[in-house]
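Here is what each chain is made of, one letter per residue.
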Amino acid sequence: MSIPPLTPVLTDNWDAERSWTLDSYAERGGYDALDVAFGMAPDEVVAAVKDAGLRGRGGAGFPTGMKWGFIPQDPSAPGGDKPKYLVVNADESEPGTCKDIPLMMASPHTLVEGVILASYAIRAHHAFIYVRGEVLHVVRRLQRAVQEAYLAGHLGRDIHGSGYDLDLVVHAGAGAYICGEETALLDSLEGRRGQPRLRPPFPAVAGLYASPTVINNVESIASVPAIIRNGADWFASLGTEKSKGFVIYSLSGHVRNPGQYEAPLGITLRELIDLAGGIREGHRLKFWTPGGSSTPLLTEEHLDVPLDYESVGGAGSMLGTRALQIFDETVSVVRCVLRWTEFYKHESCGKCTPCREGTWWLVQTLARLDAGQGEEGDIEKLLDLCDNILGRSFCALGDGATSPITSAIRYFRDEFEAAMHTPTSVSFPPAASTAWSDAAATAGVGA
Amino acid sequence: MTLSAETLDELRQITARYPQARSGLLPMLHLVQSAEGRITPEGIEACAEILDITPAEVSGVATFYTMYKRRLVGDYHVGVCTNTLCAVMGGDEIFAALKEHLGIGNDETTDDGVVSLEHVECNAACDYAPVVMVNWEFVDNQTPESARRLVDDLRSGAEVRSTRGPAICTWRQAERVLAGFPDDRADEGPAAGPASLAGLRVARERGWEAPAAGGTDAEDESHGAATDTDPDDAAAVAADEQADTSRAESEAKLDEGKHEAQEDDA
Ligand SMILES: Cc1cc2nc3c(=O)[nH]c(=O)nc-3n(C[C@H](O)[C@H](O)[C@H](O)COP(=O)(O)O)c2cc1C
Ligand code: SF4
Ligand code: FES
């Protein structure tokens, strides 16, 4: 049996009647993985996730089982005598990223079941879901799912008679992209300004309340129940040699049917665009982000790059969160880069100078170009600024801010040159890119 | 205005959810907004007193996060996504149309106090671009016309439904839910919008499914290559992780210090 291009696992119940309820989830075998896990030693659960080859879905792709294995369990090891914590990163704010929110909206119990399995594996008795505050209905669904899980005995004391106890708190953030960065998230969860921490110590040893803490993305944790239920081999049979399993690819922008497409790692953008009905009628792909705005842009020439960690890295970008934002030829790359840079400037936490000052200067320069008033040497200035931010910033936000700029200049330098004298709104009238521009054009033709 | 005894009691309840009380500060500030309509000096004092920290510390936290408001917002706080993708897809035009239609600017409220307007960053709904949020509920796939209608309906008191959620409640009611006091409306609205189901629909049409468990044919070639069986690889990825998202996958940039740190960690 060959593996089909799309393999719904995480998304498989999203079209079920009242899929967010415990009844619906349980009907499909939901929470069955708990008894499988409770029949195993915690270390065996860690080993299963290692064997599956699951890698973090929040951006960096770090092996999840290995991360869990870093938690000191020997009481004599540093941190080993302290309580352990699991924190789910549900802050989803990287521009373009839109997979965790629909997952928690449609099937919050998948995440809750994963939380229980992961907490059991690392021997945590307290877990938190840190969800961004700007998604009210998702917060409601999470609150309800946790409440239902308590009432059904999947959370609380002596879960399923196993002797294992776990409390789970849904915690809503308050609007700050930087709180997705795991150490800033921990500070925020401790009731502070969300600013990144110096590492070491790493969260595995001194995280929440200076205790050993695992921080994982929603999709990483939500992938665990299927691994425990179906086995590590099953999971590892999907995907590529080093990028195993299935993931959610999020297509947005100028494709006919944007949305969530769950596939084994390694599918190409060409295949995905095809499944999404193609680029919108009468237009051509110009550039795209493989994993959100912090991952360098790619172009038409990368349509056949397998979308796995290694191949996208080999193409000079990063798989990131598989946030595939698609832009067609009506779009000014200079304007897009300006807007992303304004975002980074706004979200810079201000802790370190290269990022705080650098993003400010980048915006000044890009705004000039956008207005068609670039000055001699502006392109070099941009590259120079990026050079001073990349690798010199305290956290990855600063690095990420340089990605769209350097990649855009690499592939579209002539557009930056043109912006020395012509405003982008003249070269690329914004009205041509909107979701309704084609309807207007077609109506015109039909009239 | 001082906070009611009931609110003070609820603020204390929040702290009890956490192993350490101060973790409750963000939800406490959401509750202050629900009770007071904004972050007030009294609300800051109350949080500080309950947590036994200084008002300056509370204030420092409140000013860090964009959802906390010093000024009153409308009953319906409208956020137009103008992050790059939504902006390109028409978010800029929608924002401009609403400013004109309502006669207010960014971060301002209509004279009747019903609608306030703000441009927001990516709200994790890019597949529904351009996106408008009302009290942090999704109103997907908007146009300038539909957005004008939306705010007109809000101002006339007509019931407005989120495209992926319930009938929209007031901003203060929303803040109460964010503080962790559920409003029992989780069952309203659909499981997913059309874009969330786009891939699933294609898979259903074509009869595509994930392989069943225990099916062990064809795809065995990748077995035995799990990341943890290859120590070099594992160390490289481990080092990447410590460098976090953007630096991942570019080992060349990693300095020795990070490798060593990782080894200590492991
Ligand atoms: C600025 C910034 C924002 C981030 N935002 C998120 C986020 O919203 N969700 C997330 O899971 N990871 C985010 N990350 C990555 C996290 O720091 C961390 O690597 C991740 O949560 C680990 O989980 P994983 O191993 O399961 O991927 C962000 C990183 C940075 C630098
Ligand atoms: S890189 Fe930016 S976001 Fe990160 S610590 Fe420095 S100022 Fe803050
Ligand atoms: S860019 Fe608007 S929701 Fe993502």
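What you see is a predicted model, and the numbers here were worked out from it, not measured in a lab.

### Regarding the overall build of chain A
Argument step 1. Within chain A, the secondary structure is distributed over 20 helices and 9 strands.
Argument step 2. A globule of 447 residues ought to have a C-alpha radius of gyration of about 22 Å, and chain A, at 23 Å, matches this closely.
Argument step 3. Counting only C-alpha atoms, chain A reaches 70 × 50 × 40 Å along its principal axes.
Argument step 4. The 447 residues of chain A split such that 67% are buried.
Argument step 5. Looking at chain A alone, contacts between residues at least 24 apart form 70% of all its contacts between residues at least 6 apart.
Argument step 6. Total accessible area on chain A stands at roughly 13700 Å², and carbon and sulfur atoms take up 51% of it.
Argument step 7. Between the centroid of the 38 positive side chains of chain A and the centroid of its 55 negative side chains there is a distance of 4 Å.

### Remarks on the domain arrangement of chain B
Residue and element names in this part refer to chain B.
Argument step 1. Domain parsing of chain B yields domain 1 (5-62), domain 2 (76-178) and domain 3 (215-265).
Argument step 2. Here the C-alpha centre of domain 2 lies 28 Å away from the C-alpha centre of domain 1.
Argument step 3. Each side of the interface is counted separately: domain 1 has 9 residues, and domain 2 has 5 residues.
Argument step 4. Carbon and sulfur atoms supply 44% of the area buried between domain 1 and domain 2, which totals about 660 Å² over both sides.
Argument step 5. Among the residues of domain 1 in contact with domain 2, His30, Gln33 and Ser34 are the three that bury the most area, contributing 59% of the side total.
Argument step 6. Linking domain 1 with domain 2 are 1 salt bridge.
Argument step 7. Residues arginine 176 and glutamate 10 are paired through a salt bridge, measuring 2.9 Å at the closest nitrogen-oxygen approach.
Argument step 8. Put simply, domain 1 and domain 2 have 6 residue pairs in polar contact (both at pLDDT 80 or more) between them.
Argument step 9. At 6 residues, helix H2 (residues 25-36) tops the list of elements feeding residues into the side of domain 1 that touches domain 2.
Argument step 10. Considered class by class, the residues forming the side of domain 1 that touches domain 2 number 2 nonpolar, 4 polar and 3 charged.

### Some thoughts on the state of the cysteines
Throughout this description, disulfide means a covalent bond between two cysteine sulfur atoms.
Residue and element names in this part refer to chain A.
Argument step 1. Enumeration according to the criterion identifies 0 disulfides over all chains in this entry.
Argument step 2. Unpaired in this structure, cysteine 386 has its nearest cysteine sulfur neighbour in cysteine 355, at a distance of 12 Å.
Argument step 3. On the basis of relative accessibility, which here comes to 1%, the residue cysteine 386 falls in the buried class.

### Overview of the site of ligand 1
Argument step 1. In the neighbourhood of ligand 1, 20 residues make up the surrounding shell, with Gly58(A), Lys67(A), Asn216(A), Asn217(A) and Ser220(A) lying closest.
Argument step 2. Ligand 1 is flanked by residues contributed from chains A and B.
Argument step 3. Between ligand 1 and Glu182(A) there is a distance of 3.0 Å, counted from an oxygen atom to a backbone nitrogen or oxygen.
Argument step 4. Protein contacts shield 96% of the accessible area of ligand 1, which totals 620 Å² for the unbound molecule.
Argument step 5. Of all elements in the fold, only strand S4 (213-217) and helix H18 (396-418) of chain A together with helix H9 (231-247) of chain B reach the threshold of two or more residues within the shell around ligand 1.
Argument step 6. The element that contributes the greatest number of residues to the shell around ligand 1 is S4(A), accounting for 3 residues.
Argument step 7. Residues belonging to the shell around ligand 1 are distributed by class as follows: 4 nonpolar, 9 polar and 7 charged.

### Overview of the site of ligand 2
Argument step 1. Around ligand 2, the surrounding shell holds 13 residues, and the nearest of these are Cys349(A), Lys351(A), Cys352(A), Cys355(A) and Cys395(A).
Argument step 2. In terms of residue class, the shell around ligand 2 is built from 8 nonpolar, 4 polar and 1 charged.

### Details of the nonpolar core
Argument step 1. In this structure, Trp68(A), Phe416(A) and Tyr65(B) are the most contacted members of the largest nonpolar core, which totals 176 residues.
Argument step 2. Counting residues per element, this core draws most heavily on helix H6 (residues 108-122) of chain A, at 9 residues.
Argument step 3. The residues contacting Phe416(A), other than those within four sequence positions of it, are Val333(A), Val334(A), Leu366(A), Leu369(A), Ile379(A), Leu382(A), Ala408(A) and Ile409(A).
Argument step 4. By size, the runner-up hydrophobic cluster in this structure holds 31 residues, among which are Ala263(A), Ile273(A), Leu303(A) and Tyr309(A).

### A look at the domain arrangement of chain A
Bring the parts together and some accessible area is lost; that lost area is often taken as the interface size.
Residues and elements named next belong to chain A.
Argument step 1. Looking at the assigned domains, one finds that chain A contains domain 1 (22-236), domain 2 (246-328) and domain 3 (333-431).
Argument step 2. When each unit is reduced to the centre of its C-alpha atoms, the spacing between domain 1 and domain 3 is 36 Å.
Argument step 3. Every contact between the two is made by 12 residues of domain 1 and, on the other side, 9 residues of domain 3.
Argument step 4. Roughly 870 Å² of surface becomes buried between domain 1 and domain 3 when both sides are summed, with 72% attributable to carbon and sulfur atoms.
Argument step 5. For the pair domain 1 and domain 3, the interface holds 0 salt bridges.
Argument step 6. Connecting domain 1 to domain 3 are 3 residue pairs in polar contact (both at pLDDT 80 or more).
Argument step 7. For the side of domain 1 that touches domain 3, the per-class residue count stands at 6 nonpolar, 3 polar and 3 charged.

### Considering the pattern of salt bridges
Argument step 1. Within the structure shown, the criterion is met by 42 salt bridges over all chains.
Argument step 2. With a closest N to O distance of 3.5 Å, Asp187(B) and Arg18(A) form a salt bridge. Of this pair, Asp187(B) sits in the loop between helix H7 (171-178) and helix H8 (198-206) while Arg18(A) sits in the segment before helix H1 (22-27), on two different chains.
Argument step 3. According to the relative accessible area criterion, Arg18(A) is partly exposed, its value standing at 39%.
Argument step 4. Notably, a salt bridge pairs Glu190(A) with Arg192(A), separated by 3.5 Å at the nearest N-O pair.
Argument step 5. Using a relative accessible area of 34% as the deciding quantity, one classes Arg192(A) as partly exposed.

### Points about the environment of Ile129(A)
All names here are of chain A.
Argument step 1. Looking at the element boundaries, isoleucine 129 is found in strand S2 (residues 124-131).
Argument step 2. On the accessibility criterion, isoleucine 129 (0% relative accessible area) is buried.
Argument step 3. Spatially, the C-alpha atoms of isoleucine 129 and histidine 171 are 5.9 Å apart, while their sequence positions differ by 42 residues.
Argument step 4. Discounting chain neighbours no more than four positions away, the residues touching isoleucine 129 are Val88, Ala90, Leu111, Leu142, Leu168, Val169, Val170 and His171.

### Quick notes on the pairing of S4(A)
Argument step 1. For S4(A), a buried count of 5 out of 5 residues is recorded, marking the element as mostly surrounded by other parts of the structure.
Argument step 2. Of the two faces of S4(A), the one holding Thr213(A), Ile215(A) and Asn217(A) and the one holding Val214(A) and Asn216(A) are both buried throughout.

### Details of the interface of chain B and chain A
Argument step 1. Taken together, the 109 residues of chain B in the interface contact 125 residues of chain A.
Argument step 2. Here chain B and chain A share an interface that buries about 9500 Å² over both sides, 59% of which is from carbon and sulfur atoms.
Argument step 3. Joining chain B to chain A, the criterion identifies 8 salt bridges.
Argument step 4. Where chain B meets chain A, there are 37 residue pairs in polar contact (both at pLDDT 80 or more).
Argument step 5. Those elements giving two or more residues to the side of chain B that touches chain A turn out to be H2, helix H4 (55-62), helix H5 (84-102), strand S5 (137-139), H7, H8, H9 and helix H10 (256-265) of chain B.
Argument step 6. Broken down by element, the residue count for the side of chain B that touches chain A peaks at 11 residues, all from H9(B).
Argument step 7. In terms of residue class, the side of chain B that touches chain A is made up of 57 nonpolar, 26 polar and 26 charged.

Cut-offs and rules
Residues numbered from 1 in each chain as written. Chains lettered and ligands numbered in written order. Predicted model: local features only at pLDDT ≥ 70, side-chain atom pairs only at ≥ 80, totals over all residues. Heavy atoms only, no water. Helix = DSSP H or I, 4+ residues; strand = E, 2+ residues; numbered from the N terminus. Rg over C-alpha atoms; globule rule 2.2 N^0.38 Å. Buried < 20%, exposed > 50% of the residue type's maximum accessible area, 1.4 Å probe, protein only. Contact = heavy atoms within 4.5 Å. Areas by Shrake-Rupley, 256 points an atom, 1.4 Å probe, with all protein chains shown as cover. Lys, Arg positive; Asp, Glu negative; His and termini not counted. Charge placed at Lys NZ, Arg CZ, Asp CG, Glu CD. Domains from an automatic or database assignment. Buried area = accessible area lost by both parts, 1.4 Å probe. Salt bridge = Lys/Arg side-chain N within 4 Å of Asp/Glu carboxyl O. Polar contact = N/O pair within 3.5 Å; in protein donor to acceptor, adjacent residues only side chain to side chain. Nonpolar A, V, L, I, M, F, W, Y, C, P; charged D, E, K, R; others polar. Disulfide = S-S within 2.5 Å. Near = heavy atom within 4 Å. Core = buried A, V, L, I, M, F, W, Y, C linked by side-chain atoms within 4.5 Å.

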